[in-house]
Amino acid sequence: MSRLLRLLVVIGPLVVPAAAFAQQDVGAYNRALSAFNAGQFDTAAPLFAQLAEGEDADLKGKAEYYLAQTFAKKDLPVAAFISYAAIVNAGPKHPSYLKAIEGLVDMQQRLDEQNLIPSILNQAYSDEVRDQWVTLPKEVLARINYLVGTASQRRMRFEEARALLEAVPADSRVYAKARYLLGTVLADPRFPGRPGEGEPLDKEAIAAFQTVLSTKEPQVELPETRELALLALGRVHYRRGEYADAVKAYEGVPRYARFWDQALFENGFARFQNEDFGGALGSLQALHAPQFEGAFQPESWILKSTVYYYSCLYDEVKTTLAAFDERYGPMAKQLEPFTGEALQPVQAFNLVAAENRRLPRAVYLWIRNNERIREVMRTLTRVDAEKRAIVDGPWRGTPLAAQTVASLEEIRGTLLQVGGTLAKNRIQEAADNLRTFSDQAEIIRVQTALDEKDLFSAGVDQKTLLTRQTLYRPKMPGASWNYWRFQGEFWIDEIGYYQYTLKRGCPARQEK
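Everything numeric here is computed off the predicted structure, so don't read it as measured data.

Rules behind the numbers
Residues numbered from 1 in each chain as written. Predicted model: local features only at pLDDT ≥ 70, side-chain atom pairs only at ≥ 80, totals over all residues. Heavy atoms only, no water. Phe/Tyr/Trp six-rings, centres within 6.5 Å; stacked < 30°, edge-to-face > 60°. Buried < 20%, exposed > 50% of the residue type's maximum accessible area, 1.4 Å probe, protein only. Lys NZ or Arg CZ within 6 Å of the ring centre and 35° of its normal. Helix = DSSP H or I, 4+ residues; strand = E, 2+ residues; numbered from the N terminus. Polar contact = N/O pair within 3.5 Å; in protein donor to acceptor, adjacent residues only side chain to side chain. 1 Å grid on protein atoms, 1.4 Å probe; cavity = no way out; pocket = protein on both sides within 12 Å on 5 of 7 lines; lining within 4 Å. Points joined across faces, edges and corners; volume = space filled by probe spheres on them. Nonpolar A, V, L, I, M, F, W, Y, C, P; charged D, E, K, R; others polar. Contact = heavy atoms within 4.5 Å. Expected span 1.5 Å × (residues − 1). pLDDT = per-residue confidence, 0-100. Core = buried A, V, L, I, M, F, W, Y, C linked by side-chain atoms within 4.5 Å. Salt bridge = Lys/Arg side-chain N within 4 Å of Asp/Glu carboxyl O. Arc of directions from axis to C-beta. Axes fitted to C-alpha atoms, helices over the stretch in contact; angles between N-to-C directions. Parallel < 35°, antiparallel > 145°, perpendicular 65-115°, else oblique. Left-handed = near helix turned anticlockwise from the far one by under 90°.

A. Examining the packing of aromatic side chains more closely. Under the counting rule described, the total for this entry stands at 26 aromatic pairs. With a centroid separation of 4.7 Å and 20 degrees between ring planes, the pair formed by Y125 and W133 is classed as stacked. By relative accessible area, which is 0% here, W133 ends up buried. It is K74 that lies over the ring of W395; its NZ or CZ is 5.5 Å from the centre. Against the face of Y125 rests R130, its NZ or CZ located 4.7 Å from the ring centre.

Spelled out as C-alpha coordinates, the structure:
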(Lines give C-alpha, C1' and ligand atoms only; values in the text may rest on other atoms or scores of the structure.)
Protein backbone atom coordinates (compact mmCIF):
# COMPACT_ATOMS: atom_id res chain seq x y z
CA MET A 1 0.00 0.00 0.00
CA SER A 2 1.42 3.37 -0.98
CA ARG A 3 2.02 6.15 1.51
CA LEU A 4 -0.67 8.28 -0.15
CA LEU A 5 -3.20 5.52 0.13
CA ARG A 6 -2.33 4.94 3.76
CA LEU A 7 -2.83 8.66 4.47
CA LEU A 8 -6.24 8.61 2.87
CA VAL A 9 -7.20 5.59 4.90
CA VAL A 10 -6.19 7.31 8.12
CA ILE A 11 -7.70 10.72 7.60
CA GLY A 12 -10.58 9.84 5.33
CA PRO A 13 -13.10 8.94 8.06
CA LEU A 14 -12.46 12.27 9.85
CA VAL A 15 -13.21 14.42 6.80
CA VAL A 16 -15.82 12.74 4.70
CA PRO A 17 -18.67 12.38 7.27
CA ALA A 18 -19.16 16.15 7.90
CA ALA A 19 -22.27 16.22 5.71
CA ALA A 20 -23.32 12.90 7.19
CA PHE A 21 -23.12 14.38 10.69
CA ALA A 22 -25.36 17.27 9.60
CA GLN A 23 -27.86 14.78 8.21
CA GLN A 24 -27.69 12.77 11.43
CA ASP A 25 -28.38 15.95 13.45
CA VAL A 26 -31.40 16.78 11.30
CA GLY A 27 -32.63 13.24 11.70
CA ALA A 28 -32.12 13.37 15.48
CA TYR A 29 -33.94 16.68 15.64
CA ASN A 30 -36.88 15.29 13.68
CA ARG A 31 -37.03 12.25 15.95
CA ALA A 32 -36.90 14.50 19.04
CA LEU A 33 -39.61 16.77 17.67
CA SER A 34 -41.84 13.82 16.79
CA ALA A 35 -41.42 12.44 20.31
CA PHE A 36 -42.19 15.86 21.77
CA ASN A 37 -45.36 16.25 19.69
CA ALA A 38 -46.44 12.74 20.70
CA GLY A 39 -46.02 13.61 24.40
CA GLN A 40 -43.01 11.30 24.77
CA PHE A 41 -41.00 13.84 26.74
CA ASP A 42 -38.68 11.32 28.40
CA THR A 43 -37.46 10.37 24.93
CA ALA A 44 -37.37 13.89 23.50
CA ALA A 45 -35.38 15.61 26.23
CA PRO A 46 -32.06 13.69 25.90
CA LEU A 47 -32.16 14.14 22.13
CA PHE A 48 -32.74 17.89 22.42
CA ALA A 49 -30.00 18.14 25.06
CA GLN A 50 -27.50 16.39 22.77
CA LEU A 51 -28.42 18.65 19.84
CA ALA A 52 -28.06 21.72 22.07
CA GLU A 53 -24.37 20.85 22.37
CA GLY A 54 -23.91 20.58 18.58
CA GLU A 55 -22.26 22.81 15.98
CA ASP A 56 -25.27 23.71 13.82
CA ALA A 57 -26.43 27.08 15.16
CA ASP A 58 -29.97 26.78 13.83
CA LEU A 59 -30.54 23.26 15.18
CA LYS A 60 -28.80 24.19 18.42
CA GLY A 61 -31.13 27.17 18.96
CA LYS A 62 -34.26 25.16 18.22
CA ALA A 63 -33.12 22.29 20.43
CA GLU A 64 -32.40 24.65 23.36
CA TYR A 65 -35.92 26.06 23.12
CA TYR A 66 -37.61 22.69 22.84
CA LEU A 67 -35.56 21.35 25.73
CA ALA A 68 -36.97 24.17 27.87
CA GLN A 69 -40.44 23.37 26.55
CA THR A 70 -39.95 19.72 27.43
CA PHE A 71 -38.97 20.61 31.00
CA ALA A 72 -42.11 22.73 31.27
CA LYS A 73 -44.27 19.89 29.95
CA LYS A 74 -42.64 17.52 32.44
CA ASP A 75 -43.67 19.85 35.30
CA LEU A 76 -40.07 20.92 35.95
CA PRO A 77 -40.59 24.71 35.92
CA VAL A 78 -37.28 25.59 37.57
CA ALA A 79 -35.32 23.56 35.02
CA ALA A 80 -37.43 25.17 32.29
CA PHE A 81 -36.78 28.66 33.69
CA ILE A 82 -33.02 27.99 33.67
CA SER A 83 -33.15 26.94 30.02
CA TYR A 84 -35.34 29.86 28.95
CA ALA A 85 -33.07 32.27 30.85
CA ALA A 86 -29.99 30.95 29.02
CA ILE A 87 -31.66 31.74 25.70
CA VAL A 88 -32.72 35.23 26.85
CA ASN A 89 -29.22 35.93 28.12
CA ALA A 90 -27.83 34.86 24.73
CA GLY A 91 -29.52 37.91 23.24
CA PRO A 92 -31.89 38.78 20.39
CA LYS A 93 -29.84 36.97 17.74
CA HIS A 94 -30.91 33.64 19.17
CA PRO A 95 -33.56 32.14 16.85
CA SER A 96 -35.92 31.40 19.76
CA TYR A 97 -35.32 34.64 21.69
CA LEU A 98 -38.88 36.02 21.83
CA LYS A 99 -40.42 32.60 22.43
CA ALA A 100 -38.00 32.10 25.33
CA ILE A 101 -39.11 35.41 26.86
CA GLU A 102 -42.71 34.17 26.74
CA GLY A 103 -41.63 30.92 28.35
CA LEU A 104 -39.69 32.73 31.07
CA VAL A 105 -42.70 34.89 31.94
CA ASP A 106 -44.88 31.78 32.03
CA MET A 107 -42.49 30.05 34.45
CA GLN A 108 -42.45 33.15 36.65
CA GLN A 109 -46.21 32.89 36.94
CA ARG A 110 -46.14 29.16 37.65
CA LEU A 111 -43.45 29.51 40.31
CA ASP A 112 -44.54 32.93 41.60
CA GLU A 113 -40.80 33.69 41.56
CA GLN A 114 -40.14 37.28 42.63
CA ASN A 115 -36.36 37.53 42.89
CA LEU A 116 -34.39 35.99 40.02
CA ILE A 117 -36.72 36.15 36.99
CA PRO A 118 -37.62 39.85 37.41
CA SER A 119 -33.89 40.60 37.62
CA ILE A 120 -33.17 38.61 34.44
CA LEU A 121 -35.95 40.41 32.56
CA ASN A 122 -34.77 43.75 33.91
CA GLN A 123 -31.23 43.17 32.61
CA ALA A 124 -32.52 42.03 29.21
CA TYR A 125 -35.05 44.88 28.77
CA SER A 126 -32.78 47.32 26.94
CA ASP A 127 -33.34 49.96 24.26
CA GLU A 128 -31.83 47.54 21.75
CA VAL A 129 -34.64 44.98 22.15
CA ARG A 130 -37.59 47.17 23.11
CA ASP A 131 -38.94 47.31 19.54
CA GLN A 132 -38.90 43.52 19.41
CA TRP A 133 -40.52 43.07 22.81
CA VAL A 134 -43.56 45.17 21.86
CA THR A 135 -44.48 42.41 19.39
CA LEU A 136 -44.98 39.96 22.28
CA PRO A 137 -48.55 38.97 23.23
CA LYS A 138 -50.31 41.74 25.13
CA GLU A 139 -50.58 39.90 28.45
CA VAL A 140 -46.97 38.75 28.30
CA LEU A 141 -45.81 42.34 27.75
CA ALA A 142 -48.04 43.55 30.60
CA ARG A 143 -46.47 41.05 32.98
CA ILE A 144 -42.99 42.03 31.82
CA ASN A 145 -43.73 45.70 32.49
CA TYR A 146 -44.98 44.80 35.97
CA LEU A 147 -42.03 42.53 36.80
CA VAL A 148 -39.39 44.93 35.46
CA GLY A 149 -41.22 47.78 37.22
CA THR A 150 -40.88 45.80 40.46
CA ALA A 151 -37.13 45.43 39.91
CA SER A 152 -36.83 49.16 39.14
CA GLN A 153 -38.75 50.09 42.29
CA ARG A 154 -36.44 47.95 44.44
CA ARG A 155 -33.45 49.72 42.89
CA MET A 156 -35.10 53.10 43.59
CA ARG A 157 -35.31 53.97 39.89
CA PHE A 158 -38.71 55.48 40.55
CA GLU A 159 -39.38 57.36 37.29
CA GLU A 160 -38.48 54.27 35.28
CA ALA A 161 -40.74 52.15 37.48
CA ARG A 162 -43.57 54.64 37.04
CA ALA A 163 -43.39 54.49 33.23
CA LEU A 164 -43.36 50.69 33.22
CA LEU A 165 -46.25 50.32 35.66
CA GLU A 166 -48.38 52.90 33.89
CA ALA A 167 -47.95 50.84 30.71
CA VAL A 168 -49.83 47.87 32.21
CA PRO A 169 -53.32 47.96 30.61
CA ALA A 170 -56.58 47.70 32.56
CA ASP A 171 -57.51 44.37 30.97
CA SER A 172 -54.33 42.67 32.22
CA ARG A 173 -54.57 40.20 35.09
CA VAL A 174 -51.70 42.01 36.85
CA TYR A 175 -53.37 45.41 36.54
CA ALA A 176 -54.33 45.62 40.22
CA LYS A 177 -50.83 44.64 41.34
CA ALA A 178 -49.33 47.20 38.95
CA ARG A 179 -51.64 49.95 40.24
CA TYR A 180 -50.76 49.13 43.84
CA LEU A 181 -47.04 49.26 43.10
CA LEU A 182 -47.50 52.46 41.09
CA GLY A 183 -49.16 54.11 44.09
CA THR A 184 -46.33 52.93 46.32
CA VAL A 185 -43.76 54.40 43.93
CA LEU A 186 -45.54 57.76 43.67
CA ALA A 187 -46.03 58.00 47.43
CA ASP A 188 -42.38 57.23 48.22
CA PRO A 189 -40.74 60.28 49.88
CA ARG A 190 -37.67 59.67 47.68
CA PHE A 191 -39.60 60.06 44.42
CA PRO A 192 -37.96 62.81 42.30
CA GLY A 193 -39.69 66.16 42.62
CA ARG A 194 -40.71 65.89 46.24
CA PRO A 195 -41.51 67.87 48.28
CA GLY A 196 -42.32 70.52 45.67
CA GLU A 197 -44.60 68.21 43.69
CA GLY A 198 -45.81 66.28 46.71
CA GLU A 199 -49.47 67.28 46.44
CA PRO A 200 -50.11 66.04 42.86
CA LEU A 201 -48.00 62.93 43.47
CA ASP A 202 -50.03 62.08 46.58
CA LYS A 203 -53.29 62.53 44.67
CA GLU A 204 -52.07 60.23 41.92
CA ALA A 205 -50.97 57.65 44.51
CA ILE A 206 -54.36 57.78 46.26
CA ALA A 207 -56.12 57.38 42.92
CA ALA A 208 -53.97 54.34 42.12
CA PHE A 209 -54.83 52.68 45.45
CA GLN A 210 -58.53 53.43 45.00
CA THR A 211 -58.36 51.88 41.53
CA VAL A 212 -57.12 48.66 43.13
CA LEU A 213 -60.09 48.67 45.51
CA SER A 214 -62.55 49.02 42.62
CA THR A 215 -60.88 46.52 40.28
CA LYS A 216 -62.87 43.36 39.56
CA GLU A 217 -61.76 39.78 39.02
CA PRO A 218 -60.06 38.06 37.33
CA GLN A 219 -56.84 39.40 38.78
CA VAL A 220 -53.72 37.83 40.24
CA GLU A 221 -53.95 37.78 44.08
CA LEU A 222 -56.64 40.47 44.15
CA PRO A 223 -57.83 40.04 47.80
CA GLU A 224 -54.29 40.35 49.15
CA THR A 225 -53.52 43.25 46.81
CA ARG A 226 -56.60 45.09 48.10
CA GLU A 227 -55.41 44.64 51.68
CA LEU A 228 -52.02 46.10 50.76
CA ALA A 229 -53.71 48.99 48.95
CA LEU A 230 -55.77 49.80 52.06
CA LEU A 231 -52.63 49.81 54.20
CA ALA A 232 -50.84 52.02 51.70
CA LEU A 233 -53.83 54.36 51.45
CA GLY A 234 -53.88 54.70 55.22
CA ARG A 235 -50.18 55.54 55.26
CA VAL A 236 -50.54 58.28 52.66
CA HIS A 237 -53.43 59.87 54.57
CA TYR A 238 -51.52 59.55 57.86
CA ARG A 239 -48.43 61.24 56.43
CA ARG A 240 -50.64 64.06 55.16
CA GLY A 241 -52.23 64.52 58.60
CA GLU A 242 -55.62 63.26 57.33
CA TYR A 243 -56.08 60.98 60.31
CA ALA A 244 -59.80 60.30 59.98
CA ASP A 245 -59.27 59.14 56.40
CA ALA A 246 -56.35 57.00 57.54
CA VAL A 247 -58.55 55.35 60.18
CA LYS A 248 -61.18 54.59 57.55
CA ALA A 249 -58.60 52.93 55.31
CA TYR A 250 -57.05 50.84 58.09
CA GLU A 251 -60.44 49.68 59.32
CA GLY A 252 -61.24 48.52 55.78
CA VAL A 253 -58.69 45.68 56.08
CA PRO A 254 -60.78 42.54 56.69
CA ARG A 255 -60.69 41.02 60.17
CA TYR A 256 -58.28 38.08 60.46
CA ALA A 257 -56.84 38.77 57.01
CA ARG A 258 -53.11 38.33 56.57
CA PHE A 259 -52.28 41.99 57.20
CA TRP A 260 -54.92 42.68 59.85
CA ASP A 261 -52.43 42.85 62.73
CA GLN A 262 -50.44 45.51 60.86
CA ALA A 263 -53.65 47.43 60.16
CA LEU A 264 -54.61 47.32 63.86
CA PHE A 265 -51.21 48.69 64.85
CA GLU A 266 -51.17 51.53 62.35
CA ASN A 267 -54.80 52.33 63.10
CA GLY A 268 -53.79 52.80 66.73
CA PHE A 269 -51.38 55.53 65.67
CA ALA A 270 -53.94 57.18 63.40
CA ARG A 271 -56.63 57.22 66.09
CA PHE A 272 -54.15 58.53 68.64
CA GLN A 273 -53.15 61.39 66.32
CA ASN A 274 -56.87 62.03 65.75
CA GLU A 275 -57.14 62.48 69.55
CA ASP A 276 -59.29 59.37 69.87
CA PHE A 277 -57.30 57.90 72.74
CA GLY A 278 -59.96 55.33 73.58
CA GLY A 279 -60.09 54.18 69.98
CA ALA A 280 -56.30 53.87 69.87
CA LEU A 281 -56.30 51.68 72.96
CA GLY A 282 -59.15 49.65 71.46
CA SER A 283 -57.05 48.82 68.38
CA LEU A 284 -54.12 47.86 70.59
CA GLN A 285 -56.39 45.77 72.82
CA ALA A 286 -57.26 43.68 69.77
CA LEU A 287 -53.61 43.48 68.70
CA HIS A 288 -52.62 42.19 72.14
CA ALA A 289 -55.29 39.49 72.17
CA PRO A 290 -54.14 35.85 72.50
CA GLN A 291 -54.88 35.31 68.80
CA PHE A 292 -51.86 37.54 68.02
CA GLU A 293 -49.58 35.94 70.58
CA GLY A 294 -46.99 35.29 67.88
CA ALA A 295 -47.01 38.82 66.47
CA PHE A 296 -43.84 40.89 66.60
CA GLN A 297 -45.15 44.38 67.45
CA PRO A 298 -42.83 45.95 70.06
CA GLU A 299 -43.77 49.50 69.08
CA SER A 300 -47.42 48.83 69.92
CA TRP A 301 -46.54 48.76 73.63
CA ILE A 302 -44.68 52.05 73.31
CA LEU A 303 -47.75 53.57 71.66
CA LYS A 304 -49.98 52.19 74.41
CA SER A 305 -47.80 53.70 77.11
CA THR A 306 -47.76 57.00 75.18
CA VAL A 307 -51.56 57.13 75.10
CA TYR A 308 -51.66 56.62 78.86
CA TYR A 309 -48.91 59.19 79.35
CA TYR A 310 -50.86 61.86 77.47
CA SER A 311 -53.80 61.13 79.76
CA CYS A 312 -51.54 61.39 82.84
CA LEU A 313 -52.45 57.82 83.83
CA TYR A 314 -49.02 57.10 85.21
CA ASP A 315 -49.77 53.79 86.91
CA GLU A 316 -51.02 52.43 83.59
CA VAL A 317 -47.88 53.77 81.89
CA LYS A 318 -45.67 51.83 84.26
CA THR A 319 -47.77 48.66 83.94
CA THR A 320 -47.58 48.84 80.13
CA LEU A 321 -43.82 49.40 80.10
CA ALA A 322 -43.36 46.49 82.50
CA ALA A 323 -45.32 44.29 80.09
CA PHE A 324 -43.09 45.49 77.24
CA ASP A 325 -39.94 44.65 79.22
CA GLU A 326 -41.29 41.22 80.18
CA ARG A 327 -42.17 40.30 76.61
CA TYR A 328 -39.42 41.90 74.55
CA GLY A 329 -36.48 42.18 76.95
CA PRO A 330 -35.62 38.45 76.67
CA MET A 331 -36.02 38.63 72.88
CA ALA A 332 -33.35 41.30 72.61
CA LYS A 333 -30.87 39.14 74.54
CA GLN A 334 -31.81 36.07 72.52
CA LEU A 335 -31.04 37.91 69.26
CA GLU A 336 -27.60 39.17 70.31
CA PRO A 337 -25.64 36.13 68.98
CA PHE A 338 -27.25 36.54 65.54
CA THR A 339 -26.42 40.17 64.81
CA GLY A 340 -23.31 41.68 63.26
CA GLU A 341 -20.98 40.62 60.48
CA ALA A 342 -20.19 37.19 61.93
CA LEU A 343 -23.53 35.78 60.80
CA GLN A 344 -23.25 34.58 57.21
CA PRO A 345 -26.26 34.83 54.86
CA VAL A 346 -26.70 31.06 54.48
CA GLN A 347 -26.57 30.66 58.28
CA ALA A 348 -29.22 33.36 58.62
CA PHE A 349 -31.45 31.66 56.08
CA ASN A 350 -31.11 28.31 57.81
CA LEU A 351 -32.23 29.94 61.05
CA VAL A 352 -35.56 30.94 59.55
CA ALA A 353 -36.07 28.15 57.00
CA ALA A 354 -35.82 25.23 59.43
CA GLU A 355 -37.99 24.46 62.42
CA ASN A 356 -37.33 27.27 64.89
CA ARG A 357 -35.14 26.37 67.85
CA ARG A 358 -32.95 29.43 68.39
CA LEU A 359 -34.77 32.66 67.40
CA PRO A 360 -37.57 34.19 69.47
CA ARG A 361 -40.82 32.77 68.11
CA ALA A 362 -42.35 36.18 67.33
CA VAL A 363 -39.23 37.27 65.41
CA TYR A 364 -39.08 33.92 63.62
CA LEU A 365 -42.71 34.23 62.45
CA TRP A 366 -42.21 37.90 61.51
CA ILE A 367 -39.25 37.04 59.27
CA ARG A 368 -40.97 34.05 57.68
CA ASN A 369 -44.00 36.20 56.89
CA ASN A 370 -41.89 38.38 54.59
CA GLU A 371 -43.18 37.70 51.08
CA ARG A 372 -39.76 37.59 49.42
CA ILE A 373 -38.40 35.14 51.99
CA ARG A 374 -41.53 33.01 51.63
CA GLU A 375 -40.98 33.00 47.88
CA VAL A 376 -37.36 31.89 48.26
CA MET A 377 -38.44 29.02 50.50
CA ARG A 378 -41.17 27.98 48.03
CA THR A 379 -38.73 27.98 45.12
CA LEU A 380 -36.06 26.06 47.05
CA THR A 381 -38.64 23.40 47.87
CA ARG A 382 -39.44 23.23 44.16
CA VAL A 383 -35.73 22.97 43.24
CA ASP A 384 -35.22 20.04 45.63
CA ALA A 385 -38.33 18.29 44.29
CA GLU A 386 -37.08 18.64 40.72
CA LYS A 387 -33.64 17.34 41.64
CA ARG A 388 -35.21 14.22 43.16
CA ALA A 389 -37.45 13.74 40.12
CA ILE A 390 -34.45 13.90 37.76
CA VAL A 391 -32.06 11.78 39.83
CA ASP A 392 -34.67 9.05 40.37
CA GLY A 393 -36.41 9.38 37.00
CA PRO A 394 -35.96 7.96 33.49
CA TRP A 395 -32.94 10.21 32.78
CA ARG A 396 -30.97 8.78 35.69
CA GLY A 397 -27.29 8.42 34.83
CA THR A 398 -27.49 10.39 31.57
CA PRO A 399 -25.50 13.53 30.71
CA LEU A 400 -28.83 15.38 30.65
CA ALA A 401 -29.54 14.44 34.27
CA ALA A 402 -26.04 15.43 35.41
CA GLN A 403 -26.15 18.78 33.62
CA THR A 404 -29.68 19.63 34.80
CA VAL A 405 -28.95 18.74 38.42
CA ALA A 406 -25.80 20.89 38.29
CA SER A 407 -27.85 23.82 36.98
CA LEU A 408 -30.44 23.32 39.71
CA GLU A 409 -27.67 23.26 42.33
CA GLU A 410 -26.32 26.55 40.98
CA ILE A 411 -29.76 28.14 41.22
CA ARG A 412 -30.14 26.71 44.71
CA GLY A 413 -26.92 28.41 45.79
CA THR A 414 -28.05 31.73 44.33
CA LEU A 415 -31.42 31.48 46.09
CA LEU A 416 -29.71 30.69 49.39
CA GLN A 417 -27.62 33.83 49.07
CA VAL A 418 -30.67 35.95 48.19
CA GLY A 419 -32.79 34.48 50.96
CA GLY A 420 -29.91 34.61 53.42
CA THR A 421 -29.28 38.29 52.77
CA LEU A 422 -32.98 39.03 53.27
CA ALA A 423 -33.09 36.96 56.47
CA LYS A 424 -29.95 38.53 57.88
CA ASN A 425 -31.29 42.02 57.23
CA ARG A 426 -34.59 41.15 58.93
CA ILE A 427 -32.84 39.71 61.98
CA GLN A 428 -30.76 42.87 62.27
CA GLU A 429 -33.86 45.02 61.78
CA ALA A 430 -35.63 43.17 64.60
CA ALA A 431 -32.66 43.68 66.93
CA ASP A 432 -32.40 47.37 66.00
CA ASN A 433 -36.14 47.86 66.59
CA LEU A 434 -35.96 46.26 70.02
CA ARG A 435 -33.02 48.48 70.94
CA THR A 436 -34.78 51.62 69.68
CA PHE A 437 -38.06 50.93 71.44
CA SER A 438 -36.30 49.90 74.62
CA ASP A 439 -34.61 53.32 74.61
CA GLN A 440 -37.98 55.00 74.01
CA ALA A 441 -39.48 53.02 76.87
CA GLU A 442 -36.75 54.30 79.16
CA ILE A 443 -37.39 57.90 78.08
CA ILE A 444 -41.12 57.54 78.81
CA ARG A 445 -40.33 55.90 82.15
CA VAL A 446 -38.02 58.75 83.20
CA GLN A 447 -40.44 61.43 82.00
CA THR A 448 -43.29 59.75 83.87
CA ALA A 449 -41.28 59.80 87.10
CA LEU A 450 -40.48 63.50 86.60
CA ASP A 451 -44.15 64.37 85.96
CA GLU A 452 -45.27 62.41 89.02
CA LYS A 453 -42.73 64.37 91.07
CA ASP A 454 -44.04 67.66 89.65
CA LEU A 455 -47.63 66.76 90.57
CA PHE A 456 -46.56 65.83 94.08
CA SER A 457 -44.60 69.09 94.45
CA ALA A 458 -47.64 71.03 93.23
CA GLY A 459 -49.81 69.34 95.86
CA VAL A 460 -52.05 67.64 93.30
CA ASP A 461 -53.91 64.62 94.69
CA GLN A 462 -54.20 62.59 91.50
CA LYS A 463 -56.12 59.73 93.11
CA THR A 464 -58.84 62.08 94.26
CA LEU A 465 -58.86 63.75 90.85
CA LEU A 466 -59.45 60.40 89.15
CA THR A 467 -62.04 59.22 91.70
CA ARG A 468 -64.26 62.23 91.01
CA GLN A 469 -64.46 61.36 87.29
CA THR A 470 -67.12 59.08 85.81
CA LEU A 471 -66.53 56.66 82.96
CA TYR A 472 -69.30 56.61 80.40
CA ARG A 473 -69.92 53.85 77.89
CA PRO A 474 -68.65 54.73 74.41
CA LYS A 475 -70.90 56.09 71.71
CA MET A 476 -72.55 53.37 69.63
CA PRO A 477 -71.74 53.43 65.89
CA GLY A 478 -75.34 52.58 64.99
CA ALA A 479 -78.66 51.08 66.08
CA SER A 480 -77.55 47.55 65.22
CA TRP A 481 -74.65 47.64 67.69
CA ASN A 482 -74.71 46.33 71.26
CA TYR A 483 -72.49 47.26 74.17
CA TRP A 484 -70.70 44.55 76.15
CA ARG A 485 -68.27 45.41 78.88
CA PHE A 486 -64.89 43.71 78.54
CA GLN A 487 -64.32 41.41 81.51
CA GLY A 488 -60.95 39.90 80.70
CA GLU A 489 -62.07 37.37 78.11
CA PHE A 490 -61.35 37.71 74.39
CA TRP A 491 -64.29 36.56 72.30
CA ILE A 492 -63.41 35.98 68.67
CA ASP A 493 -66.43 37.93 67.36
CA GLU A 494 -65.56 40.95 69.53
CA ILE A 495 -61.85 41.30 68.70
CA GLY A 496 -61.34 44.38 66.59
CA TYR A 497 -64.36 46.27 67.94
CA TYR A 498 -62.93 47.42 71.26
CA GLN A 499 -63.28 51.04 72.37
CA TYR A 500 -61.86 52.39 75.61
CA THR A 501 -63.18 55.27 77.67
CA LEU A 502 -60.50 57.00 79.72
CA LYS A 503 -60.29 59.16 82.75
CA ARG A 504 -57.81 62.00 82.67
CA GLY A 505 -55.26 62.33 85.43
CA CYS A 506 -53.92 65.71 84.32
CA PRO A 507 -54.90 68.69 86.47
CA ALA A 508 -56.85 71.43 84.74
CA ARG A 509 -54.65 74.23 83.42
CA GLN A 510 -55.03 77.59 85.04
CA GLU A 511 -56.18 80.29 82.67
CA LYS A 512 -53.74 83.19 82.52
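B. Quick look at unusual backbone geometry. A cis geometry characterises the amide bond from R194 onward to P195, with omega recorded as 0 degrees. For the bond from E217 to P218, the omega torsion is 5 degrees, close enough to zero to count as cis. Secondary-structure assignment places P218 in the loop between α12 (198–214) and α13 (222–239). Residues other than glycine seldom take positive phi values, yet M156 does so here, at roughly 60 degrees. With respect to the secondary-structure elements, M156 resides in the loop between α9 (138–154) and α10 (158–166). Positive phi, normally seen in glycine, also occurs at E275, with a value near 60 degrees.

C. Spotlight on the environment of T404. Considering the arrangement of structural elements, one finds T404 in helix α22 (residues 399–457). Within the structure, T404 has its side chain in polar contact with the backbone oxygen of L400 (distance 2.7 Å).

D. Expanded view of the layout of surface pockets. In this model, the second largest pocket occupies a volume close to 1300 Å³. If you trace the second largest pocket, you find 36 residues lining it, with P474, Y497, Y498, Q499 and Y500 closest to the centre. Secondary-structure elements contributing two or more residues to the lining of the second largest pocket are α15 (260–273) and α16 (277–287). In terms of residues, the lining of the second largest pocket owes the most to one element, α15, which gives five residues. Of the residues in the lining of the second largest pocket, the class split is 19 nonpolar, seven polar and 10 charged.

E. Local environment of the side chain of D188. Position of D188 relative to the elements: it lies in the loop between α11 (175–187) and α12. Setting aside its immediate chain neighbours within four residues, D188 contacts F158 and R194.

F. Representation of helix α21 (residues 371–391) in the model. A rise of 1.5 Å per residue sets the reference length of α21, with its 21 residues, at 30 Å; its end C-alpha atoms lie 30 Å apart and thus fit the reference within 8%. Listed in full, the buried residues belonging to α21 are I373, E375, V376, M377, T379, L380, V383, E386, K387 and I390. As for α21, its buried residues are in contact with α5 (77–90), α19 (345–353), α20 (361–368) and α22.

G. View of the confidence of the model for the chain. On average, residues of the chain score 91 in pLDDT, and 95% of them are at 70 or above. Counting interchain partners and residues more than four positions distant, the pLDDT-below-50 stretch residues 1–21 has four contacts.

H. Region of the structure containing the nonpolar core. In terms of nonpolar packing, the biggest core is built from 153 residues, with F81 and W133 touching the most fellow members. Among the elements that make up this core, the one with the highest residue count is α22 (16 residues). Residue contacts for W133: discarding those within four places in its chain leaves Y97, L98, I101, L121, A124, Y125, L141 and I144.

I. Seen up close, the pattern of salt bridges. For the structure on display, the rule yields 38 salt bridges. A salt bridge links E221 to K177; the nearest nitrogen and oxygen atoms lie 2.9 Å apart. A residue pair is termed long-range when its members are at least 10 positions apart, and E221 in the loop between α12 and α13 and K177 in helix α11 qualify at 44 residues. E221 gets classed as partly exposed once you look at its relative accessible area, which sits at 33%. The exposure class of K177 is buried, given its relative accessible area of 13%.

J. Expanded view of α10. Considered for burial, the residues of α10 that qualify are F158, A161, L164 and L165. Burial along α10 is one-sided: seen end-on, the buried residues are contained in an arc of 125 degrees. Looking at the packing, one finds that the buried side of α10 touches α9 and α11.

K. Region of interest: the packing of α16 against helix α17 (residues 298–310). Remark: α16 packs on α17, axes separated minimally by 10 Å, with the N-to-C direction vectors making an angle of 150 degrees. Considering the angle they form, α16 stands roughly antiparallel to α17. Note that α16 runs across α17; the crossing there is left-handed. Contact residues: F277, A280, L281, L284 and L287 in α16; S300, L303, K304, V307, Y308 and Y310 in α17. Among the residues making up the contact of α16 with α17, the classes are represented as nine nonpolar, one polar and one charged.

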